[in-house]
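Notes for the structure review
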Amino acid sequence: MTTVDQRHRTTPPAPRRRSRRDEILEIAVGLFASRGYHGVSMDDIGSAAGVTGPALYHHFAGKEAMLVAALIPVSESLLEGGQERVARHPEEAEAALADLIDFHVDFALANPAVIALHLHELDRLPEEPRRQIRRLQRLYVEEWVGVLSRVRPELDAAEARVLAHAAFGLMNSTPFLGGEVERRRRADLLRDATMHALTGH
């Protein structure tokens, strides 16, 4: 009987442990989404996170810094994830579109508070981070436009862009959905509605 050399065995890396900063940011995002940016103070965040004022400011300079920290990485991750999924299907536009829809629906269901924050609070950011987020968003939209233009060549780029934004409206409705429908079923409904809106079938 042969044995596998232990030196060549690989084990999957352990998931990264969430830092205290990540935990505080998640709490802040939830509070901003539920109460509005102006309805939440740093004391409110510290109290919810079980962190005193000085310790809170060790992680973030203030609420504005939290907003930037929440929204820029999300926009970067969406762009990177969208590009990755399009690259998986260089010859199959329909498969690329289905992969994009799966990717965004999964994101939207996992991050309703971040979506709500983006919808209502983006304009509170300083000009430079706001411009950075807008640029990342435009690039992400263009990934969808490129795929839609391949799936439906009768559309020009401007028309494909209209459909892409309509699709985001559907998928980004998760902050407004209650829990009456089980999560997997919600995902199926959102995927089907989005595909139908984009392709008509």
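Attention in this report is confined to the structure presented alongside it. (Residues numbered from 1 in each chain as written. Predicted model: local features only at pLDDT ≥ 70, side-chain atom pairs only at ≥ 80, totals over all residues. Heavy atoms only, no water.)

Turning our eyes to something else, we now look at the packing of aromatic side chains. Scanning the entire structure with this criterion turns up 4 aromatic pairs. Relative to Y37, the ring of F32 has its centre 5.3 Å away and its plane inclined at 50°; by these criteria the two rings are tilted. By relative accessible area, which is 1% here, F32 ends up buried. Where Y140 meets F168, the ring centres are 5.6 Å apart and the plane angle is 15°; that geometry is what we call stacked. In this pair, Y140 sits in helix α7 (residues 127–151) while F168 sits in helix α8 (residues 157–171), placing the two residues 28 residues apart along the sequence. Assigned by exposure class, Y140 and F168 land together as buried. Directly above the ring of Y37 sits K63, whose terminal nitrogen or CZ lies 4.2 Å from the centroid. (Phe/Tyr/Trp six-rings, centres within 6.5 Å; stacked < 30°, edge-to-face > 60°. Buried < 20%, exposed > 50% of the residue type's maximum accessible area, 1.4 Å probe, protein only. Helix = DSSP H or I, 4+ residues; strand = E, 2+ residues; numbered from the N terminus. Lys NZ or Arg CZ within 6 Å of the ring centre and 35° of its normal.)

This next bit is on the nonpolar core. One finds F32, I45, M66 and W144 to be the most contacted residues of the largest nonpolar core, which totals 58 residues. Those elements that place two or more of their residues in this core are α1 (20–35), α2 (42–49), α4 (63–87), α5 (93–110), α6 (112–121), α7, α8 and α9 (183–199). Residues in contact with F32, not counting those within four places in the same chain, are Y37, V40, I45, K63, M66, L67, L117 and E121. (Core = buried A, V, L, I, M, F, W, Y, C linked by side-chain atoms within 4.5 Å. Contact = heavy atoms within 4.5 Å.)

Time to look at the environment of R184. As for its placement among the helices and strands, R184 is situated in helix α9. Judged by relative accessible area, R184 falls into the exposed class, the value being 65%. Sequence separation between R184 and R20 is 164 residues, and the spatial gap between their C-alpha atoms is 30 Å.

On their own, these measurements won't tell you what the molecule is for.
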